[in-house]
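Residues per chain, in single letters:
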Amino acid sequence: MSDDLRELYQEVILDHGKNPRNLRQPEETTHCAHGHNPLCGDQLEIFLNVGDDGLIKDVTFEGRGCAISVASASLMTEVLQGKTEAQAKALFDNFHDMCAGDEEGETNVVDPEIEDDVDRLQVLSGVRQFPMRVKCATLAWHTMKAAMEGRRAVSTEDED
Amino acid sequence: MLIMERDLNESSRVLTVQEAEADAYDVERVRADFPILSTQVHGHPLCYLDNAASAQKPRAVLDAVRDAYETTYANVHRGVHYLSERATAEYEAARTKARRFLNARHDNEIVFTRGATESINLVAASFGRAFLAPGDEIIISEVEHHSNIVPWQMLRDSHGVVLKVAPISDDGELDFEGFENLFTERTKLVAISHMSNALGTIQPARRIVDAARARGARVLFDGCQAAIHLPVDVQDLDCDFYAFSGHKIYGPSGIGVLYGKAELLDAMPPYQGGGEMIKTVTFEETTWADAPARFEAGTPSIVQAIGLGAALDYVTGVGKERIALHESDVLGYATQRLSAIDGLRLFGTAPAKASVLSFTMDCAHPHDVATVLDRSGVAVRAGHHCAQPLMKRLGVTATSRASFAMYSTRAEVDALADALESVREIFA
């Protein structure tokens, strides 16, 4: 196996791909959106439950797709638990830059509160070497952002 | 493929041993004609198995394109100057080659388009407008590429025709009884792919035409895959329209063919308006040129048409029957190798099929499969193959597809099978 394949399909990714966390319908939902990648047909649904205090109480997802998109959705639901909307937005920006930014290391100054989560998401950085797969990794994140912004549906072909 | 096996048996009876040896298909010699095949991908020799999406180009095509730009290029059908005459002659010679390739009766039955998609859109817009009334019915099938679904849906929405979908069996063959049951007295057109791009299954074209004829319906075949892999004789088939793309048959992209029976094309209104497609224009009134010019508004894909002519010459020169026999050998070997892989499921297993293997693996999504294969230099398509309704019918969101061409080899099949084993190592 080549090094970049090993880098892409790390144990953590394979694990989350096979045993996704928070793959369920939530009990209560304040925001949800449907994400679609028309290139491969992958679809997923992201559900958020944001409390009155502005904290994300629960994030879950449903859908199926490739190992990268499922692992990315699964990891996302884990890191977003208990975050503020602003922190979720900052994590989105960091993740997006990590996967598809122009230069490595150009990421914004990281709020110390989410530094550990940014580190945790580094496991998906191998996707940079696979331009055709970047959208698999970012689908869940774009869908989460759409849900936050009150949009019901998003397609990877609408976003960069 | 039965037809071709019979042809082989017949020809082997008349060949001497020496002649038969001289006639043996030398795939390495064919490969030497395709410069791109010596490319290295991620440190491995390129193993290009995405031919159903688009085929690579032989030097004969590359040279024809270059030569046209360097020696004969000008606009066609307009100038009286030397280059325009030469370009026009070359462009029209390509039309004659396409006519011979399909064994159409007349050159004016060959319309050059941008590709099969435009060919089908042309028929939907022009034939649809002229010959179909609201409530008239069109039959397509579950196996169709989006390009043979969406134009008819658009006609349905704009014109009120009714779209009916013929079922296929689990192994990808047309359910003929189900198909015949769809006919009513309002059925005016059957539009079906001669060979499935997603599965490789071959539909019984003659029976389809006979069934339609018996009920007074016209027939269009999407021949994108069949034109490459099967003998096609539009007079023998007696179909009304036949569409294919240049880029899948080793020619340039941006050029395609629509065959239409002369009496139909002559009766059809233009598809687009512009230069070239007129006889006279005044601000009050315009009269249309005869077919095929009527359907070729604007400057056509001149050099691409010349390149397509060169591609058809190349394929005919090697011999379509010999190519089909070779591809059938590679497909048979691939079927056997892939069937032996744990957790691999083949789709489209009907006996009448050619050059395409669609499959899923229980341990990995088709996109992950394609990514791992790519790192071994093996190029396959992963996705819905522009046939989402078919994927739904088969109960999957996507498959991986290996598709073979005249230059494919058993060694490439081995590389594919080995790479699929490494998919299992990672994901299983």
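Residues numbered from 1 in each chain as written. Chains lettered and ligands numbered in written order. Predicted model: local features only at pLDDT ≥ 70, side-chain atom pairs only at ≥ 80, totals over all residues.

Draft legend 1. Examining the overall build of chain B more closely. Counting secondary structure elements, chain B contains 17 helices and 17 strands. Taking 428 residues into account, the globule formula puts the C-alpha radius of gyration at 22 Å, and chain B, at 22 Å, falls close to it. Overall, the C-alpha framework of chain B stretches about 70 × 55 × 45 Å when taken along its three principal axes. Within chain B, contacts between residues at least 6 apart in sequence are counted, and of these 71% link residues at least 24 apart. (Helix = DSSP H or I, 4+ residues; strand = E, 2+ residues; numbered from the N terminus. Rg over C-alpha atoms; globule rule 2.2 N^0.38 Å. Contact = placed C-beta atoms within 7 Å.)

Draft legend 2. Representation of the overall build of chain A. If you tally the helices and strands in chain A, you get six helices and four strands. Reading chain A from its N terminus to its C terminus gives the helix and strand order α-α-β-β-β-α-α-α-α-β. A globule of 160 residues ought to have a C-alpha radius of gyration of about 15 Å, and chain A, at 15 Å, matches this closely. Taken along its principal axes, the extent of the C-alpha atoms in chain A is 45 × 35 × 30 Å. Relative to its 160 residues, chain A shows a buried fraction of 43%. Taking all contacts inside chain A whose residues are at least 6 apart in sequence as the whole, residues at least 24 apart take part in 66%. (Buried ≥ 20, exposed ≤ 12 C-beta atoms within 10 Å, placed from the backbone.)

Draft legend 3. How the structure looks around the sheet that holds strand β5 (residues 137-141) of chain B. All names here are of chain B. Sheet architecture is open: seven strands sit in the order β4-β10-β9-β8-β7-β5-β6, paired in mixed fashion. The open sheet has two free edges, formed respectively by β4 (110-113) and β6 (162-166), since each of these has just one partner strand. This sheet shows a mean twist of 20 degrees between the axes of neighbouring strands, independent of strand direction. Strand direction decides the pairing type here: strand β8 (residues 218-222) and strand β9 (residues 241-245), joined by three bridges, are parallel. Counterpart to Phe 221 in the pairing with β9 is Tyr 242. Packing against the sheet, helix α7 (residues 150-159) makes contact with β5, β6 and β7 (187-193), and its axis sits at approximately 150 degrees to β6. (Pairing = 2+ DSSP bridges. Axes fitted to C-alpha atoms, helices over the stretch in contact; angles between N-to-C directions.)

Draft legend 4. Representation of the domain arrangement of chain B in the model. Residues and elements named next belong to chain B. We note that the domain assignment places domain 1 (2-32 + 319-427) and domain 2 (61-316) within chain B. Centre-to-centre separation of domain 1 and domain 2, based on C-alpha positions: 27 Å. At the interface, 23 residues of domain 1 touch 23 residues of domain 2. Elements with a minimum of two residues in the side of domain 1 that touches domain 2: α14 (320-339), β14 (356-361) and α16 (388-394). Here the side of domain 1 that touches domain 2 gets four residues from one element, more than from any other, and that element is α14. Taken together, the residues that form the side of domain 1 that touches domain 2 break down as 13 nonpolar, five polar and five charged. (Domains from an automatic or database assignment. Nonpolar A, V, L, I, M, F, W, Y, C, P; charged D, E, K, R; others polar.)

Draft legend 5. Geometry of the confidence of the model for chain A. Per-residue confidence for chain A averages 89 on the pLDDT scale, and 93% of its residues sit at or above 70. Looking across chain A, the model is least confident in strand β4 (residues 153-155) of chain A, with a mean pLDDT of 77, and most confident in helix α3 (residues 67-80) of chain A, with 96. (pLDDT = per-residue confidence, 0-100.)

Draft legend 6. Fine view of α7(B). Residues and elements named next belong to chain B. Among all positions in α7, only Pro 151, Trp 152 and Leu 155 are buried. Taken down its axis, α7 places every buried residue within 95 degrees of arc, on the same side. Looking at the buried positions of α7, the neighbouring elements they touch are α6 (116-131), β5, β6 and β7. Immediately downstream of α7, the backbone of Gly 160 shows phi near 75 degrees, a positive value. (Arc of directions from axis to C-beta.)

Draft legend 7. Spotlight on the interface of chain A and chain B. With 14 residues of chain A at the contact, the number on the chain B side is 16 residues. Class assignment of the residues belonging to the side of chain A that touches chain B gives a composition of ten nonpolar, three polar and one charged.

Draft legend 8. Local environment of unusual backbone geometry. Residue B:Ala291 is joined to B:Pro292 through a cis peptide bond whose omega torsion reads 5 degrees. Locating B:Pro292 in the fold gives a position in the loop between β12 (286-288) and α13 (302-318). In this structure, A:Asn22 takes a positive phi of about 60 degrees despite not being glycine. Relative to the assigned elements, A:Asn22 resides in the loop between α2 (11-18) and β1 (31-37). Judged by C-beta crowding, with 19 C-beta atoms within 10 Å, A:Asn22 ranks as partly exposed. For B:Ser355, which is not glycine, the phi torsion reads 60 degrees and is therefore positive. For B:Ser355, the location among the structural elements is in the loop between β13 (344-347) and β14.

Draft legend 9. Fine view of the sheet that holds strand β3 (residues 56-64) of chain A. Residue and element names in this part refer to chain A. Taking strand neighbours across the sheet as the criterion, the four strands line up as β3-β2-β1-β4 in an open arrangement whose pairing is mixed. Two strands in the sheet have a free side with no partner beyond their single neighbour: β3 and β4. Within the sheet, the average angular offset between the axes of one strand and its neighbour, ignoring direction, is 20 degrees. Sheet analysis places β1 next to strand β2 (residues 42-50), joined by seven bridges and oriented antiparallel. Its bridge partner lying in β2, Cys 32 is registered against Phe 47. Those strands touched by α3 are β2 and β3, and its axis lies near 170 degrees from that of β3. Against the sheet, helix α6 (residues 134-148) contacts β1, β2, β3 and β4, and its axis sits at roughly 150 degrees relative to β1.

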